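# Descriptive analysis of the structure
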Amino acid sequence: MVNVKRISVVIAVAVIVLCLGVAPGLAASEDAIEESIEAGLAWLAAQQDPVGGYWGATTCERVGFTGFALLKMEDRAYELGYDSPFDPEYEYASNVDLGFDYIFNYYNDAGDTDGDGVHEGFFYNSECNYHQTYSTAVALMAISSSGTPDRVVDVGSPFALGKTYKQIAEECVEWFIEAQNPDGAWRYYAGEEPSDQSNSGWVTMGLTYANVKFGIDIAEVLPGLQSWVNAIQNTDMASPYYGGSMYTVGGSWENILKTGSLLYQFAMVSTPVTDTNVQAAIGFIENFWNAGIDTGWTDHRQAMFCMMKGLEAYNVELLDLDGDDVPETDWFDVVSSHLVGTQNADGSWPGDYWAGQEASTAWALLTLERSVIIPVLEVPVDMKPGSCPNSYNVGQKGVLPAAILGTDEFDVSDIDPATIRLVACDEEDPAAGVAPLRWNYEKVAQPAEDADCDCETCDEYNCWESAYDGDVGDEYMDLTLKFDSVAVSAYLGDVDPGCMKIKLVGTLKEEEGGTAFEGCDTLRLLVK
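These remarks concern the structure in this document.

Quick notes on the rules
Residues numbered from 1 in each chain as written. Predicted model: local features only at pLDDT ≥ 70, side-chain atom pairs only at ≥ 80, totals over all residues. Heavy atoms only, no water. Axes fitted to C-alpha atoms, helices over the stretch in contact; angles between N-to-C directions. Helix = DSSP H or I, 4+ residues; strand = E, 2+ residues; numbered from the N terminus. Parallel < 35°, antiparallel > 145°, perpendicular 65-115°, else oblique. Left-handed = near helix turned anticlockwise from the far one by under 90°. Contact = heavy atoms within 4.5 Å. Nonpolar A, V, L, I, M, F, W, Y, C, P; charged D, E, K, R; others polar. Phe/Tyr/Trp six-rings, centres within 6.5 Å; stacked < 30°, edge-to-face > 60°. Buried < 20%, exposed > 50% of the residue type's maximum accessible area, 1.4 Å probe, protein only. Lys NZ or Arg CZ within 6 Å of the ring centre and 35° of its normal. Disulfide = S-S within 2.5 Å. Pairing = 2+ DSSP bridges. Salt bridge = Lys/Arg side-chain N within 4 Å of Asp/Glu carboxyl O. Expected span 1.5 Å × (residues − 1). Core = buried A, V, L, I, M, F, W, Y, C linked by side-chain atoms within 4.5 Å.

The geometry of helix 9 (residues 256-268) relative to helix 11 (residues 301-313) is characterised by a closest axis approach of 7 Å and an angle of 25° between their N-to-C directions. The orientation of helix 9 with respect to helix 11, classified from their angle, is roughly parallel. Regarding helix 9 and helix 11, the two cross each other, and that crossing is left-handed. Contact with helix 9, carried on its side by Ile256, Leu257, Gly260, Ser261, Leu263, Tyr264 and Ala267, involves Gln302, Ala303, Cys306, Met307, Lys309, Gly310, Leu311 and Ala313 of helix 11 and no other residues of that element. Per-class residue counts for the contact of helix 9 with helix 11 are 10 nonpolar, 4 polar and 1 charged.

Right, here's the structure in full:
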């Protein structure tokens, strides 16, 4: 991680908190963390209403609190190797099933607000109109994290019944697209302005979960979100809160919770870790590491979760907490030790600054396992540069050429070429793909404007445009790749002739944040 000079902020804190922030010997062991998670899950399961299926004593919070509990139980199911959180062998499968029954009862028809003939949907209790955005965002996270796009809703509101989880997620994404304010973000309900970072932090997570888990396109919100992240950050270098996220644009109330959300949003719009504003946000977290409960993270489990998601989005492992410009403190060791040490004997955690014990415990458990879906950087890909359609004879010898294309916003030299794999568009295990034989840097093409990674559509003539100027593409350097054609054919297996969407996946270099990326193009398969 590239370090920049950061403003030092002196904060008076209790000695015990200061020690907690820097002492390396306090790291919780993996066994201690596992025991903590098991106890927390058992407590959380026992708090679910056995009839209603919800979590949370307050009616207005129940959709959100239930969503957070489901997130943790879903994550645990996949961690333990189950095919889905609904697997009858999974200990908490009935909790998950009942929880979704509750959530889907609060799925509402928003109408066809954009006139495209499709109704959007959102989640909220009619008694709690001001929780539309928050409830829909958390529900969308839980639905997407189920990993079951084709599962059909059989208990719920009339608007939910008979729809698949993916259909409902698509309707929620469309609702968020229509509800996005001119400033690029969201507030408590559709149409309310100005936007605030607390609600928007959850919305952007819900959108990312839908995009990564269900492949739902969220590109339409990104230009506005780019404007939002540029405006919501305190960029006044003379301010002690420099780098932090404000609550509303031009306001104040900078804290680690909202700054963690800001980092996650920076990753969504593909801002590199070396960017000055990203570094300033990380610096804010470092400077306020030992701050009180509102500004800092200690005993504030929602803030811990939001901080975790932002640092994980950029693969940040070490922080500079002593101001010497050398990151040396493993932030997760400190946070996990704090969580293990503050867990109640019954497996719960105390109520949070903004929530009761159920949500507080869910946030603690999600943080302990660093359970968060990271935004994936979308990059332009050209299979067989200079060719359209991209014909490929399955079983042929030789090489299959491809390129990842540079743009004014993306430098291909940031990529770690050794991590690149060629996979089918719907591949769930990128490691199963084909690594390139070799790579090089040259100008070969420029990207078209209408390419995407929608695996359900494939037009073999919707090729990337190779726009040559002499013997080069546009003005930006591209990363060219050569794949062993025999290995590609073996990976694809028994395929039918016709159009197939191919994806290139990998990560950026560690010093560039290690962010995952993907990009797609088509092949016209020719089978003998």
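This part is about the packing of aromatic side chains. The geometry of an aromatic ring pair comes down to the distance between the two centres and the angle between the two planes. What the rule picks out here adds up to 28 aromatic pairs. Seen from their ring centres, Trp331 and Phe332 are 5.9 Å apart, and the 85° between their planes marks the pair as edge-to-face. Here Trp331 and Phe332 have matching classes, each one buried. When the ring centre of Tyr264 is taken as origin, the NZ or CZ atom of Lys309, which lies over that ring, is 5.7 Å away. Positioned above the aromatic ring of Trp331 is the side chain of Arg370, whose terminal nitrogen or guanidinium carbon lies 5.8 Å from the ring centre.

Next up on the list: the state of the cysteines. By the definition in use, this model includes 1 disulfide. Residue pairing for Cys458: its cysteine sulfur links by disulfide to Cys499, the two sulfurs lying 2.0 Å apart. Disulfide Cys458-Cys499: the torsion about the S-S bond is -75°, which places it as left-handed. Of the two residues, Cys458 is situated in the loop between strand 10 (438-442) and strand 11 (478-484) and Cys499 in strand 12 (residues 498-507); the sequence distance between them amounts to 41 residues.

Looking along the chain, the bond that leaves Glu193 and enters Pro194 is cis, with omega of -5°. Locating Pro194 in the fold gives a position in the loop between helix 6 (165-179) and helix 7 (197-214). Look at the link from Cys388 to Pro389: it is a cis peptide, with omega at 0°. Within the secondary structure layout, Pro389 lies in the loop between strand 6 (381-383) and strand 7 (391-393). The residue Asp325 is not glycine, and still its phi comes out positive at about 65°.

With antiparallel pairing, the 4 strands of this open sheet are ordered in space as 6-8-11-10. Each having just a single partner strand, strand 6 and strand 10 make up the two edges of the open sheet. Between one strand axis and the next, the sheet turns by 25° as a mean value, whatever way the strands run. As paired elements, strand 6 and strand 8 (residues 399-404) share 3 bridges and run antiparallel to each other. Residue Met383 lies in a different strand from strand 8, and its bridge partner there is Ala402. Its contacts with the sheet place helix 14 (residues 485-492) against strand 8 and strand 11, and it is angled at close to 75° to strand 11.

Time to look at the pattern of salt bridges. In total, this model carries 12 salt bridges according to the counting rule given. Between Glu38 and Arg76 there is a salt bridge, with the nearest N and O atoms lying 3.9 Å from each other. You can see Glu38 sitting in helix 2 (residues 30-46) and its partner Arg76 sitting in helix 3 (residues 62-79), a full 38 residues away along the chain. Residue classification places Glu38 among the partly exposed residues on the basis of a relative accessible area of 42%. In this structure, Arg76 engages Glu79 in a salt bridge whose closest nitrogen and oxygen atoms are separated by 3.0 Å. Of this pair, Arg76 and Glu79 both sit in helix 3, 3 residues apart, which is roughly one turn of that helix. Classification of Glu79 as partly exposed rests on a relative accessible area of 41%.

On to helix 13 (residues 357-368). An ideal rise of 1.5 Å per residue puts 16 Å on 12 residues; helix 13 measures up with 16 Å between its terminal C-alpha atoms. The buried count for helix 13 comes to 11 of 12 residues, which makes it a mostly enclosed element. Buried residues of helix 13: Glu358, Ala359, Ser360, Thr361, Ala362, Trp363, Ala364, Leu365, Leu366, Thr367 and Leu368, and no others. Contacts made by the buried residues of helix 13 are with helix 2, helix 3, helix 7, helix 11 and helix 12 (331-342). A positive backbone phi angle near 45° is found at Arg370, which sits one or two residues after helix 13.

Once that is clear, we can look at the nonpolar core. One finds Phe123, Trp202 and Trp289 to be the most contacted residues of the largest nonpolar core, which totals 114 residues. Residue contributions to this core peak at 9 residues, all from helix 6. Counting residues in each nonpolar core, the second largest holds 32 residues, with Ala402, Ile404, Leu492 and Leu525 among its members.

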